[in-house]
Each structure stands twice: as structure tokens, then as C-alpha cells.
Amino acid sequence: MAYPRLAYPTYEVGARLAGAEPVVYDEPTELDPTGLKLLWLNSPSNPTGRVLTVDELRRTVAWAREHGVLVVSDECYLELGWEAEPVSVLHPDVCGGSYDGIVAVHSLSKRSNLAGYRSAFLLGDAAVLGELLQIRKHGGMMVAAPVQAATVAALGDTAHVAEQRDRYARRRAALRTAFEAAGFRIEHSEASLTSGRPATNPAGTPSATSPSAASWSPPATSTAPRGAVRADRLHRHRRAGGRRGAPPGRMSH
């Protein structure tokens, strides 16, 4: 299983839980396809905010189909394009009108600010989705009826999406202004909720990008930004070896 070098950690965790070998990439079509079964894409990216173009997506899908590799595209930030217009891997200009060998993953976590509901859905290759449905049922991962009802209501309304998008945009602008005023350079960040990575401080020393202000909503019992808490958990998890499942606490996309 392959995933972007700069990526949400759950791709790697999922591969290890499944007993697969995780491999990182900078350019997917440069991977050795031997033994590769699944390729993760993430556009808009978490954490860089980079948006893949239609040409990049089309080329990757064609390469994967040529080598019999399933493409799974994480599109949880698709509605949050700021300086570019994100495109789904299911767009006809990308997939040629066929969903064979591709699956798109969507979530209500950021679009509708429903991270706690753990509500998401998949679209794409019918054969792949059929197998996943069987695994879901036998694995006891059915979604509760109230959550399903809330999901239907959220997907049927766009007013709250526009309001949430505007809220993210204001917070992003405030954080970007602060970074640039401090002398940082922001790379990518065309979309999503992060400020781009890598960044460089005024002294020229590489510096990890902070989460966007959109994710800085500290719980009532903590004074630390939620993103900082998650980063600390992940750091401790990796120092411990990174092979004992997910770090403590729920990891929210």
C-alpha cells in the first residue's frame, strides 16, 4: 500500500492493521508497481493543502489501471478550495467515465463540522464497494440510525456548508497573515485546512507547519490547541515505535 510522503497518519496505521507493507511516495507513477495493491491519493492534501490537477489525477489513474492497482482517493476536503478548484477522481475528465479501479472517500467532518459523528461514505468501483459492505457488516461497523439520519440531513443542505466554509476562510486568512508577518514562507495551501508545508522561518531553518486556525478549538478542559495535542500524541506514539496501533485518543480527519 502506498501513500503520500506528507500525509495523514491513518493511511500508514491502516496498512499496518491490515498486515500490509506501507510505502511512501513523492510521485505515484514512479513507484515500483510490483506487489502494489492499493494507492492512496489525497487532494486537497492534509497537511500541505496541495491540490492535484486534472492532468495529474488522470495520469495517476491511467498508470494504476495499467498495473492493476486500486486507487483510493481521500477527498474529505474537496469543498475547501481557496486558490484552486479541487476535482474528484470520479470526474469524467479524470476517470474517463468509468469507475473501474477507483474509490473516492468523503467525510462530513470538515464539510459539515461533524467530526464527532464519524460519518463518511465511499463512491466508485461497484465490485470493491460490494466487498467493503460485506466486511463492514461482519465487522460490526454499522452506522447508527440517528447518525445516518443526520448524514442525510447534512448532505441535503448547502447553507451550513457555505457558512462553515466562510468561517474556515476567515481563520485561514488570519493565520496566514500572522505567519507571513513573522517572515515565514507558505508553500501550497491552495485548499484544505492547513497552511502549507514545508515552511521556512526568517533564519532559513526548516520549520513544521502549524495546523490552521480552523482546527484551533481547544476543549473546555484544555488550554492547548487541539491540533497541538494530537501532534504531541503522534510524536509520543512514534517515539514508542509507531507499531502499536493508533496513538491514544480519537484521530479526526
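In case you missed it, the structure is sitting above this.
Keep in mind that what you see is a predicted model, and the values were worked out from it rather than measured.

Draft legend 1. Region of the structure containing a nonpolar patch on the surface. A contiguous nonpolar surface patch, about 360 Å² in accessible area, is contributed by Leu122, Leu132, Ile135 and Met141. Along the polypeptide, Leu132 turns up in helix H4 (residues 126–138).

Draft legend 2. Local environment of unusual backbone geometry. Cis geometry marks the peptide bond from Ser43 to Pro44; its omega dihedral reads 0 degrees. Mapping Pro44 onto the fold places it in the loop between strand S3 (38–42) and helix H2 (54–66). Even without being a glycine, Asn113 presents a positive backbone phi close to 60 degrees. Tracing the backbone shows Asn113 in the loop between strand S5 (102–107) and strand S6 (120–124).

Draft legend 3. Highlighting the pattern of salt bridges. Using the criterion set out here, one finds ten salt bridges in the structure. Across the pair Arg167 and Glu163 runs a salt bridge whose closest N-O atoms are separated by 3.3 Å. In this pair, Arg167 and Glu163 are both assigned in helix H6 (residues 159–181), four residues apart and thus about one turn of the helix distant. One connected set of salt bridges, linked through shared partners, spans Glu83, Arg172, Arg176 and Glu180.

Draft legend 4. Summary view of the nonpolar core. Counting residues in hydrophobic clusters, the biggest one holds 20 residues, and the most contacted among them are Leu31, Leu39, Val71, Val89 and Ile102. Mapped onto this core, the elements with two or more residues apiece are S3, H2, helix H3 (92–95) and S5. In terms of residues, this core owes the most to one element, H2, which gives four residues. Discounting chain neighbours no more than four positions away, the residues touching Leu31 are Ala2, Val23, Val24, Tyr25, Leu36, Leu39 and Trp63. Tyr8, Ala15, Trp40 and Val72 belong to the second-largest nonpolar core, a separate cluster that totals eleven residues.

Draft legend 5. Spatial organisation of H2. In a regular helix each residue adds 1.5 Å, so 13 residues correspond to 18 Å; H2 covers 18 Å between its end C-alpha atoms and thus fits that length. Looking only at H2, the buried set comprises Glu56, Leu57, Thr60, Val61, Trp63 and Ala64. Here the buried residues of H2 occupy an arc of 165 degrees about the axis, which is enough to place them on one side. If you follow the buried residues of H2, they end up packed against S3, strand S4 (70–74), H3 and S5. Count one or two residues on from H2 and you reach Gly68, which has phi positive near 70 degrees.

Conventions we followed
Residues numbered from 1 in each chain as written. Predicted model: local features only at pLDDT ≥ 70, side-chain atom pairs only at ≥ 80, totals over all residues. Heavy atoms only, no water. Patch = residues over 30% accessible without salt bridge, like charges linked within 9 Å, V, L, I, M, F, W, Y side chains within 5 Å. Areas by Shrake-Rupley, 256 points an atom, 1.4 Å probe, with all protein chains shown as cover. Salt bridge = Lys/Arg side-chain N within 4 Å of Asp/Glu carboxyl O. Helix = DSSP H or I, 4+ residues; strand = E, 2+ residues; numbered from the N terminus. Core = buried A, V, L, I, M, F, W, Y, C linked by side-chain atoms within 4.5 Å. Buried < 20%, exposed > 50% of the residue type's maximum accessible area, 1.4 Å probe, protein only. Contact = heavy atoms within 4.5 Å. Expected span 1.5 Å × (residues − 1). Arc of directions from axis to C-beta.

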